[in-house]
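Listed below, chain by chain, are the residues.
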Amino acid sequence: MGEKDLRSKGHSPLFFFLVPSEHSTETAVMNGGGAPEHTGELEPRQDGDAGDDSNEQEVIVIQDTGFNVKIQAPGTEPFDLQVSPQEMVQEIHQVLMDREDTCHRTCFSLQLDGNVLDNFAELKSIEGLQEGSQLKVVEEPYTVREARIHVRHIRDLLKSLDPSDAYNGVDCNSLSFLSIFTEGDLGDSGRRKKKGSELEQIDCTPPEHILPGSKERPLMPLQPPNNDWKPMQCLKVLTMSGWNPPPGNRKMHGDLMYLYMVTVEERHISVTASSRGFYLNQVQRHPFERIATPFQVYSWTAPQVDHAMDCVRAEDAYTSRLGYEEHIPGQTRDWNEELQTTRELARKNLPERLLRERAIFKVHSDFAAAATRGAMAVIDGNVMAINPGEETRMQMFIWNNIFFSLGFDVRDHYRELGGDAAAHAAPTNDLNGVRAYGAVDVEGLYTLGTVVVDYRGYRVTAQSIIPGILEREQEQSVIYGSIDFGKTVVSHSKYLELLDKTSRPLKVQRHDVLNEKDEAVQLCSSVECKGIIGNDGRHYILDLLRTFPPDLNFLPVEGEELPPETQKQGFPRLHRHRLACLRQELIEAFVEHRYLLFMKMAALQLMQHKVDQTNGTIPGLAQAKELAESLVAEDGSDPKSREVVLNACKAVGSISNTSFDIRFNPDLFSPGVRFPEESTDDIQKQKQLLKDAAAFVVSCQVPSLVKDCLDHSALPMDGATLAEALHQRGINIRYLGTVLEFVEKTPAKAKLEHFYRIGICELITRCAKHFFKTYLQGVELSALSAAVSHFLNCFLSSFPDAVAHLPPDELVSRRKNRKRRNRVPGGGDNTAWASLTPSELWKSIAAEAQSYYHFTLQCEGVDQVVEKHGLQKITLLREISIKTGIQILIKEYNFDSRHKPAFTEEDILNIFPVVKHVNPKASDAFHFFQSGQAKVQQGFLKEGCELINEALNLFNNVYGAMHVEICACLRLLARLNYIMGDHQEALSNQQKAVLMSERALGIEHPNTIQEYMHLALYCFANGQLSTALKLLYRARYLMLMVCGEDHPEMALLDSNIGLVLHGVMEYELSLRFLENALTINTKYHGSRSLKVALSNHLVARVYESKAEFRSALQHEKEGYTIYKNQVGEAHEKTKESSEYLKYLTQQAVALQRTMNEIYKNGSNASITPLKFTAPSMASVLEQLNIINGIIFIPLSQKDLETLKAEVQRRQQLQESGKFEEQTADGLLELDDKIPID
């Protein structure tokens, strides 16, 4: 695709929010200051489809057909606003409420030529609305509802600078601290000091705790103080007056309600709500610091915040109105209807798909928020059960059209599967099933909105409600599947037809089971999967907990043997419950692995066949592969090729004899499920396939994870990133003990120390979490903070006899409670928690590690564990808080005192829910992103950049302005801007990426640390040295807290810091960081690695600047030796090093001469001046680019042509099979982690 087809306009208005512009307020509001759904004009539109054409891997780039309208509001200048045809009028309303100059109006209509526009109309449906049309903002009379909305809006404006919502985890607010380190927006380099004068004024000394080797891990710097956060005090009180509601005679005069206000100057004012708005000015913050995140992010630390009087918050808390953002008539939303109608939207072309995905995403994030609030209300005892007569564990609840049930084994439903343990695992399995079916997205098949919330020790499942299901008995409703785990089974042709469409993507085998009358019933899912037709006529499936086949490593079955390689490792093992399933990622990887095997088998047979025919000349493997591929594509008319395929199919366990097709039967080994006699052979084969898949986890996936950690292609930094690394490879967390044992036996164990340490930390905190769950159940609300602080003391404090403080009214309430047997789930009178001791807790942790993870932890207390495995207490605290939802006061904790416990009740500020839900994806945007990445890897930077920009627009379109995937997009875009020489744009995009990572993932998430490092590099390249250092120091502080100093990434970070310090001539400090990097690199990459050679060179350069030539020579020689041995004498690196050695030797000799001269002739010696040069910024930047894996490409047209030709030549070579090994070293890589080795 030539560059002409691409939009070469540079920054069209489409990239509004990527380009720092003088209308920064507009950018803020165009991204929907407070509402994720309003992405304003970030909408690409076109009619064509954007898909990969099968033979041409090209993507059609979308043309943008947005248009501008003029907005005329009373008392302001008219201004332009870019809109898109798919937007609703209401979105312009929202933009105006978020804009600085119109934010004081909430009650108005928009008029075109005197006609009022309907709020819910799409712009494209409005006659006469076109480029340049003028819309008038006309104020409307208030109603009580509008007046309330207005008061609430005023409060939101007053609070938009106040972080308390972020600390309390409400309204999708979250924390961000970047602006403290960049002192505002990096885009405004205009008001920056110039490079020259900047050098003298930098104080580069980092705080003591950031220096290499420091053992201190303070908590306070996690949230540096922010002066902008003093909420703008305009009003002390804004509340409803006691004179409400207005009496009849005042109502007749139009009074709606009365407000009472106290200003900062102590003026007491009463306000009558009438039709005039009032106005508040506010400080400008980066829009990304205010935009709501799609899902709530909770902070595990918070300062002590004063609780101020706030009537709007108070009113919201006590009415069931769910917030004014739902401008939908009727009080509660019909979640099921919304979730299903969005799925039914058209999806034939790109604009339709964007609209559909955006609607699905919006409804999902709203549903997740509502379900979370409901689940908390249920556990806090604020919702009445629908079966109040039953005991607490069995109660069910309905709130706001959502059905809530608790994760207990009600009525022995799961008795044969593991009781409460199974009931606790079933909801997450079910959620994985919902996610899988949702992703396949078959038209006509519906799943329930599902959210799983863990809160205060309880697991709550929240589901949308199938219309009509509450009026009928389940037995009548289920027309497909089984309600008693397979004793009685029914099937239905429509369900079989719908489920058949999912069976290939989900690898589910169609199979027969016997019902209670011994008749064969056909199913295309597991038996528990139930089909119910709702009163709305839709086909729903629910209970998808066995969508994926069982994991035989954790399911011992009488008379079934696992393959010997798994038995050697002690499998099968007994698990808590019988619901252990293989992950979808594992199924995919296993099938992929089998496919390669299948192709190899076919190729080998064909080669053999050819040899027989041609009397012994063996064709090349490449030709055989071609043959195999053509053969698989054939219709199987040739008997010989049919036989080849048949043999290969048999060998890999394909269910078809004529093509490769692997599927699993999810009902194998389910108690209560019986299969017909005639399918015995098939069942045997299916069982074998399952055993092979179980063996594949242990013999393939675990070793490959460890190998990836050894070559640093996987670099987990904390528990969450470790879990992600396991999950990507299809390894369940229950294999954590197995993974750690495998690491222990690995010869290169020393290079995996970081991984092992994170694994042990994760294992311990997960065991503690399991214990904490039951510990919290039944703790009375008034004792929550006492119970949590006591638990943390037992877990982390060196104080040997932690004593719990029971709240004083404990005895009174116990007497009362005898009468009330039926209490709310979270209102127990359990005081057993108070008797927990540290040694008891650690015994339980060790026992849990043994029974759940089959791993032996030798530990009797926290200090022993910390000592033995080199853990940090602050890291353990962070991990346990995140996993259980605890929020603690940010202050310095003395964990090691033997005289008093580390935590008191006052230190526990809050307990948050931990929420699991489906994350709907922006599929088109993702394809663009992937195509862009592929282009970049082939060296087509400009095309890659265009595609990624396009992906960014589509992501914005679906997710709103704030989302994790947008963050990845911005990071890659910034990297490309930087490589192509646009440093300013790189800075702007990377700043957004950092803000977004802080807001959407958390201020100390490993991803955020990475983003800080990238931003520091671009700041340095822009001459903002002190900012670059502050950012790097921040990254180092966060990394110390998250995983400690001993981690391969720390070497990269310290090399960055050392280089920048070298550049500002802080040689002593620079050496401390660079020598630490050298030590870490040597440990994790081995003393002969090229990384170590580079580290030595960087250290040598600093010694040279200090004129300590002997040390410089020593380090450079080390580097030279490595280069010579690894890449040979002729390599340019070796030559460079050799040149530098010569230069250092000359300098050393010159220095010696001078010294001798001084000794001999004293003060009148004639001294030739020595050249001591501070390193140039360019040379420092060059080294920074090298260590960060950035390779610059001279982008002249000619170079581009030759590069393209080279890439094509290599691809042809590769296809012909002659060029298999060399590509790894030669080809330009622009991945985020480019190995320099």
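Residues numbered from 1 in each chain as written. Predicted model: local features only at pLDDT ≥ 70, side-chain atom pairs only at ≥ 80, totals over all residues. Heavy atoms only, no water.

Going by what an unreviewed UniProt entry lists, the protein chain is known as Clustered mitochondria protein homolog and is assigned to Gadus morhua. Annotation of the protein chain in UniProt includes, under Sequence similarities (unreviewed entry), the sentence "Belongs to the CLU family." As stated in UniProt under Function (unreviewed entry), the record for the protein chain gives "mRNA-binding protein involved in proper cytoplasmic distribution of mitochondria. Specifically binds mRNAs of nuclear-encoded mitochondrial proteins in the cytoplasm and regulates transport or translation of these transcripts close to mitochondria, playing a role in mitochondrial biogenesis." (UniProt positions renumbered as here; feature names shortened; annotations may be inferred.)

Asker: Where do I start with helix α34 (residues 1067–1085) in this structure?
Answerer: Each full turn of the α-helix corresponds to 3.6 residues, which orients residues three or four apart in the same direction. Look at α34: 26 Å from first C-alpha to last across 19 residues, which is about the 27 Å you get at 1.5 Å a residue. Phi for G1086, located one or two positions after α34, is positive at around 85°. (Helix = DSSP H or I, 4+ residues; strand = E, 2+ residues; numbered from the N terminus. Expected span 1.5 Å × (residues − 1).)

Asker: Even after reading the chapter, I still don't get helix α33 (residues 1048–1063), so can you show me in this structure?
Answerer: For α33, spanning 16 residues, the distance from its first C-alpha to its last is 24 Å, which sits close to the expected 22 Å at 1.5 Å a residue. Counting buried positions along α33 yields 15 of 16 residues, so the element is predominantly enclosed. (Buried < 20%, exposed > 50% of the residue type's maximum accessible area, 1.4 Å probe, protein only.)

Asker: What's the story with the pairing of strand β18 (residues 530–533) in this structure? I'm lost.
Answerer: The side chains of a regular strand alternate, residue by residue, between the two faces of the sheet. Two elements, strand β15 (residues 478–480) and β18, share two bridges in a ladder whose sense is antiparallel. Opposite V478, over in β18, you have I532 as the bridge partner. As defined by bridge partners, β18 adjoins strand β19 (residues 539–542) across four bridges and the pair is classed as antiparallel. Residue pairing in the sheet places I533 in a bridge with H539 of β19. The antiparallel pairing of β18 with β19 creates a hairpin that spans five residues between the two strands, and G537 there sits at a positive phi of about 80°. (Pairing = 2+ DSSP bridges.)

Asker: Explanation requested: the environment of W842 in the structure shown.
Answerer: Of note, W842 is situated in helix α24 (residues 838–853). Note on W842: relative accessible area 0%, which makes it buried. Between the alpha carbons of W842 and A768 there is a distance of 8.5 Å; along the sequence they are 74 residues apart. Apart from residues no more than four positions distant in its own chain, W842 is found in contact with I764, C794, F795, C859, E860, G861, V862 and V865. Within polar-contact distance, the side chain of W842 engages the backbone oxygen of F795 at 3.2 Å. (Contact = heavy atoms within 4.5 Å. Polar contact = N/O pair within 3.5 Å; in protein donor to acceptor, adjacent residues only side chain to side chain.)

Asker: Can you help me understand the packing of helix α31 (residues 1006–1021) against helix α32 (residues 1025–1043) in this one?
Answerer: The relative placement of two packed helices comes down to the angle between their axes together with the axis-to-axis distance. Look at α31 against α32: their axes get within 8 Å of each other, and the N-to-C directions meet at 160°. The angle between α31 and α32 falls in the class roughly antiparallel. Crossing handedness for the pair α31 and α32: left-handed. Along the contact surface, α31 presents P1006, I1009, Y1012, M1013, L1015, A1016, C1019 and F1020, while α32 presents L1025, T1027, A1028, L1031, L1032, R1034, A1035, L1038, M1039 and V1042. A per-class count over the contact of α31 with α32 returns 16 nonpolar, one polar and one charged. (Axes fitted to C-alpha atoms, helices over the stretch in contact; angles between N-to-C directions. Parallel < 35°, antiparallel > 145°, perpendicular 65-115°, else oblique. Left-handed = near helix turned anticlockwise from the far one by under 90°. Nonpolar A, V, L, I, M, F, W, Y, C, P; charged D, E, K, R; others polar.)

Asker: I tried to follow the sheet that holds strand β12 (residues 445–446) on my own but got confused; where do I start?
Answerer: Strand pairing in a sheet relies on backbone hydrogen bonds. The paired strands run either parallel or antiparallel. Spatial ordering of the open sheet is given by β12-β19-β18-β15, a layout of four strands whose pairing is mixed. The sheet terminates laterally at β12 and β15, the two strands that pair on one side only. As judged from the two bridges shared by β12 and β19, these two strands associate in the parallel manner. Each residue of the ladder has a partner; that of L445, found in β19, is H539.

Asker: Is there a simple way to think about the sheet that holds strand β22 (residues 914–917) in this case?
Answerer: Read across the open sheet, the five strands follow the order β10-β11-β14-β13-β22; overall the sheet is antiparallel. Pairing within the sheet leaves two strands with one partner each, and these edge strands are β10 (396–399) and β22. Pairs of neighbouring strands in the sheet enclose a mean axial angle of 20°, with direction left out of account. Sheet analysis places strand β11 (residues 402–406) next to strand β14 (residues 458–464), joined by five bridges and oriented antiparallel. Within β14, the position partnered with F403 by the bridge is Q463. Sheet strands in contact with helix α11 (residues 419–440) are β13 (450–455), β14 and β22, and its direction is about 145° off that of β13.

Asker: It is not clear to me how the nonpolar core should be interpreted in this structure. Could you clarify?
Answerer: Nonpolar side chains in soluble globular proteins tend to be buried together. Counting residues in each nonpolar core, the largest one holds 274 residues, and the members touching the most others are I764, F791, L792 and F795. Filtering out sequence-adjacent residues up to four positions away, F795 remains in contact with I764, T765, A768, L841, W842, I845, V862, L876 and I880. (Core = buried A, V, L, I, M, F, W, Y, C linked by side-chain atoms within 4.5 Å.)

Asker: Would you explain unusual backbone geometry in this entry?
Answerer: Glycine aside, the phi torsion of most residues is negative, and most peptide linkages are trans. For the bond running from F571 to P572, omega is 0°, close enough to zero to count as cis. With respect to the helices, strands and loops of the structure, P572 is situated in the loop between α14 (564–568) and α15 (584–613). For D412, which is not a glycine, the phi torsion comes out positive at approximately 55°.

Asker: What is the right way to read the packing of aromatic side chains from this model?
Answerer: Remark: the centre distance and the inter-plane angle together describe each pair of aromatic rings, the angle taken between the planes. Inspection of every chain in the model, using the stated rule, returns 33 aromatic pairs. Ring centres of F181 and Y1012 lie 6.2 Å apart, and the angle between their planes is 85°; on these two criteria the pair is classed as edge-to-face. Taken together, the residues F181 in helix α5 (residues 178–182) and Y1012 in helix α31 connect sequence positions 831 residues apart. Note on accessibility: F181 and Y1012 belong to one class, buried. The interplanar angle of 55° and the centroid separation of 6.0 Å between the aromatic rings of Y414 and F485 together place this pair among those described as tilted. Here Y414 is found in the loop between β11 and α11, whereas its partner F485 is found in the loop between β15 and α13 (493–503), with 71 residues between them in sequence. Here Y414 matches F485 in class, with each residue buried. The residue whose ring lies beneath R538 is Y446, and the NZ or CZ to ring-centre distance is 5.4 Å. In this structure, K749 packs its charged tip against the face of Y756, placed 5.1 Å from the ring centre. (Phe/Tyr/Trp six-rings, centres within 6.5 Å; stacked < 30°, edge-to-face > 60°. Lys NZ or Arg CZ within 6 Å of the ring centre and 35° of its normal.)

Asker: What exactly am I supposed to notice about the pattern of salt bridges here?
Answerer: Oppositely charged side chains are able to pair whenever their charged atoms sit close together. Applying the stated criterion to the full structure yields 59 salt bridges. A salt bridge links R971 to E1011; its shortest N-O distance comes to 3.2 Å. Here R971 is found in helix α29 (residues 964–979), whereas its partner E1011 is found in helix α31, with 40 residues between them in sequence. Here the two residues R971 and E1011 agree in accessibility, since each one is buried. In this structure, E1108 engages K1106 in a salt bridge whose closest nitrogen and oxygen atoms are separated by 3.2 Å. By relative accessible area, which is 33% here, E1108 ends up partly exposed. A cluster of three or more residues bridged by salt bridges with shared partners is formed by D718, E762, R766, R878, E879, K883 and E1004. (Salt bridge = Lys/Arg side-chain N within 4 Å of Asp/Glu carboxyl O.)

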